[in-house]
4 protein chains.
Amino acid sequence: MFMEGKIRYGMVGGGPNALIGEVHRMAARLDGNIELVSGVFSSDSQKSVAFGSELQLSEDRLYDSYQKMAEKEADLPEEKRIDFVVVVTPNHLHFDVCRSFIKAGIHVVCDKPMTNTMEEAEELCRLVEKNNTIFALTHNYSGYPMVKEAKSLVNSGKLGNLRKVVVEYSQGWLSQKVEEEGNKQASWRTDPDRAGISSTVADIGSHAEHLVEYITGLQIEELYADINTFVEGRPLEDDANMLVHYEEGVRGVLISSQVSVGEENNLNIRIYGNEASLEWKQENPNYLRMKYPDKPEEIYKKGNLYLSALSKNNTRIPPGHPEGLIGTFANIYSAVADAIVGREDGDEVNLDAYDFPTVYDGLEGVRFIRKAIESGKKGVWVKIDDHVA
Amino acid sequence: MFMEGKIRYGMVGGGPNALIGEVHRMAARLDGNIELVSGVFSSDSQKSVAFGSELQLSEDRLYDSYQKMAEKEADLPEEKRIDFVVVVTPNHLHFDVCRSFIKAGIHVVCDKPMTNTMEEAEELCRLVEKNNTIFALTHNYSGYPMVKEAKSLVNSGKLGNLRKVVVEYSQGWLSQKVEEEGNKQASWRTDPDRAGISSTVADIGSHAEHLVEYITGLQIEELYADINTFVEGRPLEDDANMLVHYEEGVRGVLISSQVSVGEENNLNIRIYGNEASLEWKQENPNYLRMKYPDKPEEIYKKGNLYLSALSKNNTRIPPGHPEGLIGTFANIYSAVADAIVGREDGDEVNLDAYDFPTVYDGLEGVRFIRKAIESGKKGVWVKIDDHVA
Amino acid sequence: MFMEGKIRYGMVGGGPNALIGEVHRMAARLDGNIELVSGVFSSDSQKSVAFGSELQLSEDRLYDSYQKMAEKEADLPEEKRIDFVVVVTPNHLHFDVCRSFIKAGIHVVCDKPMTNTMEEAEELCRLVEKNNTIFALTHNYSGYPMVKEAKSLVNSGKLGNLRKVVVEYSQGWLSQKVEEEGNKQASWRTDPDRAGISSTVADIGSHAEHLVEYITGLQIEELYADINTFVEGRPLEDDANMLVHYEEGVRGVLISSQVSVGEENNLNIRIYGNEASLEWKQENPNYLRMKYPDKPEEIYKKGNLYLSALSKNNTRIPPGHPEGLIGTFANIYSAVADAIVGREDGDEVNLDAYDFPTVYDGLEGVRFIRKAIESGKKGVWVKIDDHVA
Amino acid sequence: MFMEGKIRYGMVGGGPNALIGEVHRMAARLDGNIELVSGVFSSDSQKSVAFGSELQLSEDRLYDSYQKMAEKEADLPEEKRIDFVVVVTPNHLHFDVCRSFIKAGIHVVCDKPMTNTMEEAEELCRLVEKNNTIFALTHNYSGYPMVKEAKSLVNSGKLGNLRKVVVEYSQGWLSQKVEEEGNKQASWRTDPDRAGISSTVADIGSHAEHLVEYITGLQIEELYADINTFVEGRPLEDDANMLVHYEEGVRGVLISSQVSVGEENNLNIRIYGNEASLEWKQENPNYLRMKYPDKPEEIYKKGNLYLSALSKNNTRIPPGHPEGLIGTFANIYSAVADAIVGREDGDEVNLDAYDFPTVYDGLEGVRFIRKAIESGKKGVWVKIDDHVA
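Definitions and limits used
Residues numbered from 1 in each chain as written. Chains lettered and ligands numbered in written order. Predicted model: local features only at pLDDT ≥ 70, side-chain atom pairs only at ≥ 80, totals over all residues. Helix = DSSP H or I, 4+ residues; strand = E, 2+ residues; numbered from the N terminus. Rg over C-alpha atoms; globule rule 2.2 N^0.38 Å. Buried ≥ 20, exposed ≤ 12 C-beta atoms within 10 Å, placed from the backbone. Contact = placed C-beta atoms within 7 Å. Nonpolar A, V, L, I, M, F, W, Y, C, P; charged D, E, K, R; others polar. Pairing = 2+ DSSP bridges. UniProt positions renumbered as here; feature names shortened; annotations may be inferred. Domains from an automatic or database assignment. Axes fitted to C-alpha atoms, helices over the stretch in contact; angles between N-to-C directions. Parallel < 35°, antiparallel > 145°, perpendicular 65-115°, else oblique. Left-handed = near helix turned anticlockwise from the far one by under 90°. Least-squares fit on C-alpha atoms with pLDDT ≥ 70 in both. Expected span 1.5 Å × (residues − 1). Arc of directions from axis to C-beta.

Tell me about the overall build of chain A, residues and numbers included.
For chain A, the helix and strand inventory stands at 12 helices and 14 strands. Against the compact-globule benchmark of 21 Å for 389 residues, chain A has a radius of gyration of 21 Å, which places it among compact chains. Each principal axis of the C-alpha distribution contributes one length, and for chain A these read about 65 × 50 × 40 Å. Put simply, chain A has 389 residues, and 60% of those count as buried. Considering only contacts in chain A between residues 6 or more positions apart, those separated by 24 or more positions represent 70%.

Spelled out as structure tokens, the structure:
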């Protein structure tokens, strides 16, 4: 897919101390076909402009507000204006920012969780449909080559009929009350006004849930959540463990925690079928294990010829040369770029054709968060019977 | 602790095809101070005698039934009769066999689960108390040197206040309906008449539960179990996952499964405190990991001087020289031998003085199994408020 | 260090099928401050231009030959011409290309090995000195954050006096005669006309040697090499194992192989001091192990606060978020960019101030390759007594 | 193979502080068919008797000297006297002790290295032949189930033609001068009068060499050794690294060290063929890895049905249940017991029929040690052209 010139994007959020902003920018740069040209990096306009200048953006593309940015960019001539916007603000702003750009006819890449309420999530779905917008949600962990391979292996039938899923996302960085010690990331994530009804489930549990759905295609029928707050005075949960019933009789355990001291970014998943099982761990992401009842365990390794096309197409360098987390975001950016170029070439919108999480995944994620918190609060199984078709 | 002559024991169960019997015998031999002299190895008397002869036992110590064995051995002169009996029959026979020997004044080492009903378990407790019998239950996994170290580390306060436990015991050997293909172990374990009300929870979930209690000393306040049967036509569960509330606000997840294809004997535990966490895996048992919020992860290794006395005292060979599962049983046998010698030396019975699971651990295990199955069937949290004091 | 505009570079080599070219370009893009603007990507001029256009370079910056490129770029106004050139041709061309650009006053980033002969390597040193050129050699593996940490740990004295080094770089991709099956990378690397006197030592043994020198600062006093060619008809070695005597009585073993079937990119190093030892493995690069005589092994993990500034400054994302190989090249590019900006700001040339391999490392590498091959051919210890001071 | 009564053995050496003696005794006990009945456990007769009594041996079977023991035991009636003796003295006594018992017609199990000189080793070979004695050397590491599997895999041709072997045995316990701090094991191992001409090569390098020969059947054609003494004042080497040329063009690297701080008992081996390679590590001994050029790496796991008969026959418990180092000695004892029973049943002596290291392996080991030290001292390749046919 060849383009003249680069795809241009703008960013909302992701200022000086927001690490995730720089991760997005590095990822967008990696393949050389995407260019940052505009942004509102901070709610403090001066800071935003200063930061944009550091990034060597032209001052006339640095705006006071995302509303103005959406409006002004839309007014620019096609060959100049941004093709898409990246939304990396705290959660509570996602909805408004996304809505503004969608309405302005600009494609969107948005951090998860997509919104803080179901109503907002549903509204974004409607807007995306109405405006025929490309919308990608950065559940980046499904961007790893060996997660792609996991999906391919499940699809190939090599595991047989699925029976059980054990997925975990454990971190330890909220073990102490760091939100009161100037940790900005902790500060908004533990604050209901900005994070919404959930902290840990929203921040990382939703990644775990998406990983299961991405690899297996299974949707949750009902879940039972045990929601805990270990650090005193914290208004939202910092730990959540769930029993999950998926479609087709598949049973699951989902563990998520941000107070598991000593864990860094321990996302891992095991999927058991009746013929084989697989295991993948984010902290050593270039390997995947397959286990069988009657033959040696196998270690699949990134980049090899024996892997699926889906996995190989999301790989940049040869076997034994580690690929990292930035590549997972880059794979989303690359797929979004393909979609945009395809659109410009006149392609029909076909959401299934592109391998990135969509606005519907965003809706599923928000629903999952709400149902988990609901279950935890009420102490009952909660059904999820209104999945996106 | 020096003895004249060896401690003598007899065995009930553990015949030709019962692997666990040979594991017990190897373990009992390891330290050279315990001798097998008597037994009923099979309900088929001929088989039993033939097997006992292979083991080079004297024919007059091979009995037709365990009842007769208890009676006759009790009648032998003290310097000849067995000091204790090892009970390695299918579950449903544990109670009767144990009762017979306790009543005959013979100490007991019994496989888990102790009995199939609470009434039986309570009755054994009463009998043990009344007869002042030494009674050990072979929750062998707590016999590993690095599990002892885990207990010592928790006791030392190095983890701070405990918050969360994640324990798992996953196997795959019941993934297919092997009980119909002549697998004797599978046959009785999946049969309610012999295994009782539970298969997987009784067989391995109870090991996981005991491991938590051994290391942390924490008792369960309530649990919520999701009980599954994946192999069609199987009358008992083959998979069970639980949310657990321990004392002192500690939260837990307990995963157990015998249909997790490709898993061999994957028992592992993680314990998270507010200051540090630990991790141990049975399949690589000579190592234990400690993780901290602000310094490098540590790998504690079996046999080193920096370990606790409890750990070192349960170690036979130097660092880097792997110790295996047989040693875990041997550690129980060694502790039982010490207790017996102590008793002969006139020691008071002091259950806390000896480091092996007791009849009360057996009672707790039976209670755990029943509560888990109850929760799974009713779909409610079940309290455990009647722990042994 | 703030710049107006980006640093501009050109590339020689690295055309359509040359993976290493794209790795360099991705690395150069990562931090957003370096821009590719010029190149000769192939000796076939048409291919070169076509490829440059795909990269969206302006046609007037795509040249027929590297000679012309050096000349024309030097003639461009300062604000337009390239600041440095990246040389990613087969080995035999490195010298001529580097010389052309150095003479034209353009800084250089060159792949290893620097040249095919000592004379050429020494000439490049002289030229670099004379022209006051910044010259970086891409021994990228020393760019990993945990290799930086290894260097810091050795420097800190935590290992005590060094005693022994075991370093290995094993691959398997040349196990079969793939150079006759159209594998271009294999083709030139096994061809004396293009690769020089050595294949495996030059291609990967030199990385291993540099890793030792980078981390420990130790230079080789003498070495004894066993040089093997396993694949019949191959004119150069495909396996080489060495005994090494370093300064200060340190002893070493260096293993390198490209016929170790099943190995992907297995570069690993262990350094033993009299007080502690460290271990690092490229295929799981974000971890480093420290071992002690009398306390638990430690796992240092990338990105943590307890690491050295040198390590943290070469890290882009938080602990538990894997960084990969592209980052190692990016770290060299970043250091080169700093050096160039520093130069433009009027800094003195101070080679020690910048953390990238220099032209003198290149000379040491070429010397190492020659001495190893000499030792292997003659079957004698070969001294290296003419190290760069 | 069924016996009446147990096989009886005596022990020379292995007294109170000699850990290896207890390891042998535990191993001999494990399978229940071998019984310790006699011994000289210390050169100090009183200590010896006291220790024998602790082991509950009859006093009339505790002797003043090994000479008397050989003589007296030989005079006992067949159904009472020992079938074999275990020699676990310091190295310098092996020869005399073994000779005494062989001459007395008693089978021998001897620790490695077999003797301190070639002449002694050859003499033992002659004596064994002449007296038709069973003689086993305890290179125990080849007793692990997964080492047996390695041998089977090589024999099966699954690796193709062998090319390269990398074997290592690194320990750290002699990093400091512990022989002067009361460490008895260190004391005799570093003393030329007792250990012979070599410390590290004799103690552990010889294990590494035997492991290669056991698995591959390859004999060394020539070797080049770099012999080092890191701890000042130590008369023998504490570190030795070798380049090795095996038969059939196979190349090798052998690393051995007892000053590699932090290493515990790091024996590991990799064998590369032209079609696949294997890797095994003693510190996690129940797993073996197979690597291929074009398919996923495989992890073979102890005890599984897919393994070779040789491996399964040396396994005691099921997959996932760790077996340890004591089992490796037990496997030698078990094979020796089989040989003795076979002999009593009138079998011809067929050394190839039994899977334990023989007197000829002992001779090869002594030769290896001498050639390695010779190479190290002279700085030349040393040929080994006088292998046992």
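Which residues make up the interface of chain A and chain D, and what values go with them?
Taken together, the 10 residues of chain A in the interface contact 10 residues of chain D. For the side of chain A that touches chain D, the residue count by class is five nonpolar, no polar and five charged. Pairing analysis gives three bridges linking strand E13 (residues 297–301) of chain A to strand E13 (residues 297–301) of chain D, with the strands arranged antiparallel. Bridge pairing in E13 of chain D links Ile299 of chain A to Glu297 of chain D.

Break down the UniProt feature "domain: GFO/IDH/MocA-like oxidoreductase" (unreviewed entry) in chain A for me, with residues and values.
In this structure's numbering, the residues bearing the UniProt feature "domain: GFO/IDH/MocA-like oxidoreductase" (unreviewed entry) are residues 148–279 of chain A. Taken end to end, residues 148–279 of chain A is 27% helix and 33% strand, and its first and last C-alpha atoms sit 13 Å apart.

So, the domain arrangement of chain A: which residues are in play, and what are the values?
Residue and element names in this part refer to chain A. Taken domain by domain, chain A comprises domain 1 (7–141 + 330–358) and domain 2 (144–312 + 365–383). Here the C-alpha centroids of domain 1 and domain 2 sit 26 Å apart. Domain 1 puts 14 residues into the contact, and the matching count from domain 2 is 20 residues. Considered class by class, the residues forming the side of domain 1 that touches domain 2 number seven nonpolar, six polar and one charged.

Just give me the short version of the pairing of strand E11 (residues 277–281) of chain D, but keep the residues and values in it.
Residues and elements named next belong to chain D. Counting buried positions along E11 gives four out of five residues, so the element sits mostly inside the fold. Sheet analysis places strand E10 (residues 266–273) next to E11, joined by five bridges and oriented antiparallel. Paired with Tyr272 across the bridge in E11 is Ser277. Here E10 hands over to E11 after three residues, the two strands then running antiparallel side by side. The turn linking E11 back onto strand E12 (residues 287–291) is made up of five residues.

Which residues make up the packing of helix H4 (residues 91–103) of chain A against helix H5 (residues 118–131) of chain A, and what values do they have?
All names here are of chain A. Contact geometry for H4 and H5: axes closest at 10 Å, N-to-C directions at 10°. Judged by the angle between their axes, H4 and H5 are roughly parallel. Along this stretch, H4 crosses H5, giving a crossing that reads as left-handed. Together, Phe95, Cys98, Arg99, Ile102 and Lys103 of H4 and Glu120, Leu124, Leu127, Val128 and Asn131 of H5 make up the contact between the two elements. For the contact of H4 with H5, the residue count by class is six nonpolar, one polar and three charged.

I'd love a proper account of the sheet that holds strand E5 (residues 135–137) of chain D, names of residues and values included.
Residues and elements named next belong to chain D. An order of E2-E1-E3-E4-E5 is seen for the five strands of this open sheet, with the pairing classed as parallel. With partners counted over all chains shown, the strands left at the sheet margins are strand E2 (34–40) and E5, one partner each. Strand after strand, the sheet turns through a mean of 20° between neighbouring axes, direction not considered. In this fold helix H4 (residues 91–103) packs onto strand E1 (7–13), strand E3 (84–88) and strand E4 (107–110), with an angle of close to 160° to the strand it touches most, E4.

Summarise the relation of the copies chain A and chain B; cite the residues concerned and give the values.
A rotation about an axis combined with a shift along that same axis relates the two copies of the chain. Superposition record for chain A on chain B: RMSD 0.0 Å, screw rotation 180°, translation along axis 0.0 Å. This pairing of chains is accounted for by a two-fold axis. Considering only C-alpha atoms, the part of chain A nearest the rotation axis is Leu243 of chain A, at 3.9 Å. In this assembly, 100% of the residues forming the interface of chain A have copies in chain B that are likewise at the interface, indicating an isologous arrangement.

Tell me about the interface of chain A and chain B, residues and numbers included.
Interfaces are often sized by the accessible area lost when the parts come together. Listed as interface residues are 31 residues of chain A and, on the opposing side, 31 residues of chain B. Counting only elements with at least two residues in the side of chain A that touches chain B, the list comes to strand E6 (162–170), strand E7 (220–228), strand E8 (239–246), strand E9 (251–257) and strand E10 (266–273) of chain A. Sort the elements by how many residues they give to the side of chain A that touches chain B and E9 of chain A lands first, with four residues. Grouping the amino acids of the side of chain A that touches chain B by side-chain chemistry returns 12 nonpolar, 10 polar and nine charged.

Hey, could you go over the environment of Ile34 of chain C for me, with residue numbers and the actual values?
All names here are of chain C. Within the fold, Ile34 resides in strand E2 (residues 34–40). C-beta crowding within 10 Å serves as the criterion here: with 23 such atoms nearby, Ile34 is assigned to the buried category. Ile34 sits 190 residues away from Tyr224 along the chain, and the two C-alpha atoms are 42 Å apart. With sequence-adjacent residues up to four places away left out, Ile34 is seen in contact with Lys6, Ile7, Tyr9, Ala28, Tyr333 and Ala337.

Account for the UniProt feature "domain: Gfo/Idh/MocA-like oxidoreductase N-terminal" (unreviewed entry) in chain A, naming residues and giving values.
The UniProt record annotates "domain: Gfo/Idh/MocA-like oxidoreductase N-terminal" (unreviewed entry) at residues 7–137 of chain A. As annotated, residues 7–137 of chain A has a helix share of 45% and a strand share of 20%, and its two end C-alpha atoms lie 18 Å apart.

Hey, could you go over the relation of the copies chain A and chain D for me, with residue numbers and the actual values?
At an RMSD of 0.0 Å, chain A and chain D line up after a rotation of 180° and a shift of 0.0 Å along the axis. Interface overlap between copies is the fraction of interface residues in one copy that are interface residues in the other; for chain A against chain D it reaches 100%, indicating a shared surface.

Can you explain H4 of chain A? Please cite residues and give values.
Residue and element names in this part refer to chain A. Taking 1.5 Å per residue, 13 residues should reach 18 Å; H4 reaches 19 Å between its end C-alpha atoms and fits that length. Those residues of H4 that sit buried are Asn91, His94, Phe95, Val97, Cys98, Ser100, Phe101 and Ile102. Trailing H4 by a residue or two, Gly105 shows a phi angle of about 80°, which is positive.

Describe in detail the sheet that holds strand E5 (residues 135–137) of chain C, supporting the description with residues and values.
All names here are of chain C. As summarised here, the arrangement of the five strands in space is E2-E1-E3-E4-E5, forming an open sheet in which the pairing is parallel. For this open sheet the edge positions go to E2 and E5, each flanked by a neighbour on one side alone. The average angle at which neighbouring strand axes cross in this sheet is 20°, direction not considered. Across four bridges, the pairing between strand E3 (residues 84–88) and strand E4 (residues 107–110) is parallel. Its bridge partner lying in E4, Val87 is registered against Cys110.

Report on the packing of helix H9 (residues 200–216) of chain C against helix H12 (residues 359–378) of chain C, specifying residues and quantitative values.
Residue and element names in this part refer to chain C. It is the contact of H9 with H12, at a shortest axis distance of 10 Å, that shows an interaxial angle of 120°. Judged by the angle between their axes, H9 and H12 are oblique. H12 is crossed by H9, and the crossing has right-handed handedness. Facing Val201, Ala202, Gly205, Ser206, Glu209, His210 and Glu213 of H9, the residues of H12 in contact are Asp361, Glu364, Gly365, Phe368, Ile369, Ala372 and Ile373.

Give a description of unusual backbone geometry that names residues and reports values.
Residue and element names in this part refer to chain A. That bond from Lys112 to Pro113 is cis: its omega, -5°, falls within 30 degrees of zero. Considering the arrangement of structural elements, one finds Pro113 in the loop between strand E4 (107–110) and H5. The phi angle at Asn132 is positive, at roughly 55°, despite the residue not being glycine. Inspection of the secondary structure assignment puts Asn132 in the loop between H5 and strand E5 (135–137). On the neighbour-count criterion, Asn132 (12 C-beta atoms within 10 Å) is exposed.

Can you lay out helix H3 (residues 66–75) of chain A for me, pointing to particular residues and giving the numbers?
All names here are of chain A. Along H3, the residues that are buried comprise Tyr66, Met69, Ala70 and Glu73. Buried residues of H3 fall within an arc of 100° about the axis and therefore sit on the same side. Looking at H3, the residues exposed on the side facing more than 90 degrees away from the buried face are Lys68 and Asp75.

Which residues make up the environment of Ala150 of chain D, and what are the values?
Mapped onto the elements, Ala150 of chain D comes out in helix H6 (residues 145–155). In the structure, Ala150 of chain D is positioned 130 residues away from Trp280 of chain D in sequence and 8.1 Å away in space, judged by C-alpha atoms.

Residues and numbers for the pairing of strand E12 (residues 287–291) of chain A, please.
All names here are of chain A. Taken together, the four bridges between strand E11 (residues 277–281) and E12 define a ladder with antiparallel strand orientation. Bridged to Leu278 within E12 is Met290. In this sheet, E13 lies alongside E12 in antiparallel orientation, the contact comprising four bridges. Bridging across to E13, Arg289 finds its partner in Ile299.

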